[in-house]
Amino acid sequence: MHIVVCTLFPELISPFLATGLLGKAVARGTVNVETINIRDFAPDRHHHVDDVPYGGGPGMVMKPEPLAACIRDAHARCGEGGGHVIYLSPQGPSLTQKRVVELSNLDKPLILLNGRYEGIDERIIERHVHEEISIGDYVLYGGELGSLVIIEAITRLLPDGVGNRDSLAEESHDHGRVEYPQYTRPPEFEGQGVPEVLISGHHAQIAAWRHRMSLLRTMQKRPDLIEKFPLTADEIRVLEGRKK
Ligand SMILES: C[S@@+](CC[C@H](N)C(=O)[O-])C[C@H]1O[C@@H](n2cnc3c(N)ncnc32)[C@H](O)[C@@H]1O
């Protein structure tokens, strides 16, 4: 997958792309991330990228000319048909695993546009942006952390994105449920043991326990998910411990 990041701070992006499993995926070519500095497209001698807001008020707004030129350059790097432009914005819908899955299957490169200051000139959003995505209902200095979130979440889902694809199955937010509790060695830690079933070696019982725990945890930790995706008849049967 090809992703082009438009930012005033490319130096925030590169170290993250060189680290851990994401770093390995980048080295393998699973994902190809290019970073472009929006400031390189400022037409004036002093490379201004921001200006005071029309109508007054605090802060500065990112000027449209460098943004439009940067986006055009990003499209050119994406080849025929250009890219799908996402503006990271606290005003967009919050990113979900469902949207991450859809984006990972997109047949176009992604262009991630990162704002700073008070945000970007509205005309860029109207004319050049295909989609706005927020990473949560809070405000950051800039969109770069959001871009990194999108890059990492998508890369995990790509073929070769993780060493063992089984680790993607049954994860939190797969089908609107959170994952069951996980344990590892030692079997006794600070006086706490491990649920017997997990060391029983009985695969069917382990699967049933995990399914039930995933449902109980979702009800306990994320009742909003149960409201959004109500329990199915099969899930109620699992919760009640009834056999099929
Ligand atoms: C300080 S914010 C601007 C906020 C803007 N004045 C508003 O109230 O909607 C600067 C930039 O950070 C990014 N940003 C801030 N919070 C974000 C969030 N929750 N999700 C994604 N991007 C965010 C956006 O790119 C935004 O243009």
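Please refer to the structure placed before this passage.
Bear in mind the structure is a predicted one, so any value in this text is a computation, not a measurement.

> Would you mind showing me how to read helix H7 (residues 203-221) here?
For an α-helix, the turn length of 3.6 residues means that residues three or four places apart are oriented alike. In this model H7 runs 26 Å from its N-terminal to its C-terminal C-alpha over 19 residues, within 8% of the 27 Å that 1.5 Å per residue would give. The complete set of buried residues in H7 reads Ile206, Trp209, Ser214, Leu215 and Thr218. Considering only its buried residues, H7 is in contact with helix H8 (223-228) and helix H9 (233-239).

> Can you walk me through the sheet that holds strand E1 (residues 2-7) in this structure?
Strand order across the open sheet formed by 5 strands is E2-E1-E6-E5-E7, with parallel pairing between neighbours. The open sheet has two free edges, formed respectively by strand E2 (32-37) and strand E7 (131-133), since each of these has just one partner strand. Across the sheet, the axes of successive neighbouring strands diverge by a mean angle of 25 degrees, strand direction being ignored. As defined by bridge partners, E1 adjoins strand E6 (residues 110-114) across 4 bridges and the pair is classed as parallel. Residue Cys6 lies in a different strand from E6, and its bridge partner there is Leu113. In the packing of helix H1 (residues 10-17) onto the sheet, the strands contacted are E1 and E2, and the crossing angle to E2 comes to about 160 degrees. Each of E1, E2, strand E5 (84-88) and E6 is contacted by helix H3 (residues 64-78), which is oriented at about 165 degrees to E1, the strand it contacts most.

> Please clarify how the site of the ligand should be interpreted in this entry.
Near the ligand lie 20 residues; those nearest to it are Tyr87, Leu88, Gln91, Gly115 and Tyr138. Here an oxygen atom of the ligand and a side-chain polar atom of Tyr87 are 2.6 Å apart. The fraction of the free accessible surface of the ligand (580 Å²) that becomes covered by protein chains is 86%. Looking at the shell around the ligand, its residues break down into 10 nonpolar, 8 polar and 2 charged.

> Can you help me understand unusual backbone geometry in this one?
Peptide bonds are trans in most cases, and residues, glycine excluded, mostly fall at negative phi. The amide bond that connects Arg185 to the next residue, Pro186, takes the cis arrangement and shows omega of 10 degrees. In this model, Tyr117 sits at a positive phi of 55 degrees, which is unusual for a non-glycine residue. Within the secondary structure layout, Tyr117 lies in the loop between E6 and helix H5 (122-128). On the basis of relative accessible area, Tyr117 is assigned to the partly exposed category, the value being 38%. Despite not being glycine, Asp160 has its phi angle at roughly 85 degrees, a positive value.

Rules and cut-offs
Residues numbered from 1 in each chain as written. Predicted model: local features only at pLDDT ≥ 70, side-chain atom pairs only at ≥ 80, totals over all residues. Heavy atoms only, no water. Helix = DSSP H or I, 4+ residues; strand = E, 2+ residues; numbered from the N terminus. Expected span 1.5 Å × (residues − 1). Buried < 20%, exposed > 50% of the residue type's maximum accessible area, 1.4 Å probe, protein only. Contact = heavy atoms within 4.5 Å. Pairing = 2+ DSSP bridges. Axes fitted to C-alpha atoms, helices over the stretch in contact; angles between N-to-C directions. Near = heavy atom within 4 Å. Polar contact = N/O pair within 3.5 Å; in protein donor to acceptor, adjacent residues only side chain to side chain. Areas by Shrake-Rupley, 256 points an atom, 1.4 Å probe, with all protein chains shown as cover. Nonpolar A, V, L, I, M, F, W, Y, C, P; charged D, E, K, R; others polar.

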